[in-house]
Amino acid sequence: MVRVTREQKQQQAVIDIINQMFIIAGHEVTYDDIKDRKDDWYAQWTMTTAQSEEWRAWGEAYLRTNLKMSKRLAEKEMTWFNLQWGLKYSDYNI
């Protein structure tokens, strides 16, 4: 049996969370489609604020289960994740 390191779990978490973001937002795109891109790919697709909230809740649960994070840390990680890789909002009013 091969043991998975924490770093490998973290790398898989990035892939899974990005893939789930696209699924929730209704786009047929995956991590593999964007992983090597250096442009502003995250601005080329959108999601609603409700979809973002659903994705962040999913991500928090994922991080708590798979990386054994506390609720507070998982929330903080998803905030950073959204800032770094989250899609722009289609219904956000400034």
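Quick caveat, the model's predicted, so the values are computed rather than measured.

### A few points about the pattern of salt bridges
Part 1 of the reasoning: With the rule as written, the count across this model stands at 3 salt bridges.
Part 2 of the reasoning: As a salt-bridge pair, Glu75 and Lys71 come within 2.9 Å of each other at their nearest N and O atoms. Placement of the pair is Glu75 and Lys71 together in helix H4 (residues 71-85), with a separation of 4 residues, close to one helical turn.
Part 3 of the reasoning: Among the residues examined, Lys71 registers a relative accessible area of 47% and is labelled partly exposed.

### Some words on the environment of Ile17
Part 1 of the reasoning: Structurally, Ile17 is set in helix H1 (residues 6-25).
Part 2 of the reasoning: Given the relative accessible area of 1%, Ile17 is considered buried.
Part 3 of the reasoning: The sequence separation of Ile17 and Phe81 amounts to 64 residues, and the corresponding C-alpha distance is 8.9 Å.

### Examining unusual backbone geometry
The phi torsion of most residues other than glycine is negative, and most of the peptide bonds are trans.
Part 1 of the reasoning: Despite not being glycine, Lys68 shows a phi value in the positive range, around 55°.
Part 2 of the reasoning: In this fold, Lys68 is placed in the loop between helix H3 (49-66) and H4.
Part 3 of the reasoning: By relative accessible area, Lys68 is classed as exposed at 68%.

### Looking at the nonpolar core
Part 1 of the reasoning: Membership of the largest hydrophobic core comes to 21 residues, with the highest contact counts inside it found for Met21, Phe22, Trp55, Leu63 and Leu87.
Part 2 of the reasoning: Going through the elements one at a time, H1, H3 and H4 are the ones with two or more residues in this core.
Part 3 of the reasoning: The greatest single-element share of this core, amounting to 7 residues, is contributed by H1.
Part 4 of the reasoning: Leaving out residues up to four positions away in the same chain, Phe22 has contacts with His27, Val29, Thr30, Ile34, Trp41, Trp45 and Leu87.

What counts and what doesn't
- Each residue is numbered by its place in its chain's sequence as written, counting from 1.
- Residue-level local features of this predicted model are given only where pLDDT is at least 70; pairs of side-chain atoms are given and counted only at 80 or more, and the full residue set underlies all totals for whole chains, interfaces and linings.
- Side-chain measures were taken over the full set of non-hydrogen atoms in the model, leaving aside hydrogen atoms and water.
- The term salt bridge refers to a side-chain nitrogen of Lys or Arg lying within 4 Å of a carboxyl oxygen of Asp or Glu.
- Strands here mean DSSP runs of E at least two residues long; helices mean DSSP runs of H or I at least four residues long; both are numbered from the N terminus.
- Between buried and exposed lies partly exposed: a residue is buried under 20% and exposed over 50% of the maximum accessible area for its type, with that area taken using a 1.4 Å probe on protein chains only.
- For this analysis, a nonpolar core means a set of buried residues of the types Ala, Val, Leu, Ile, Met, Phe, Trp, Tyr and Cys, connected via side-chain atoms within 4.5 Å.
- Two residues form a contact once any of their heavy atoms are found within 4.5 Å.

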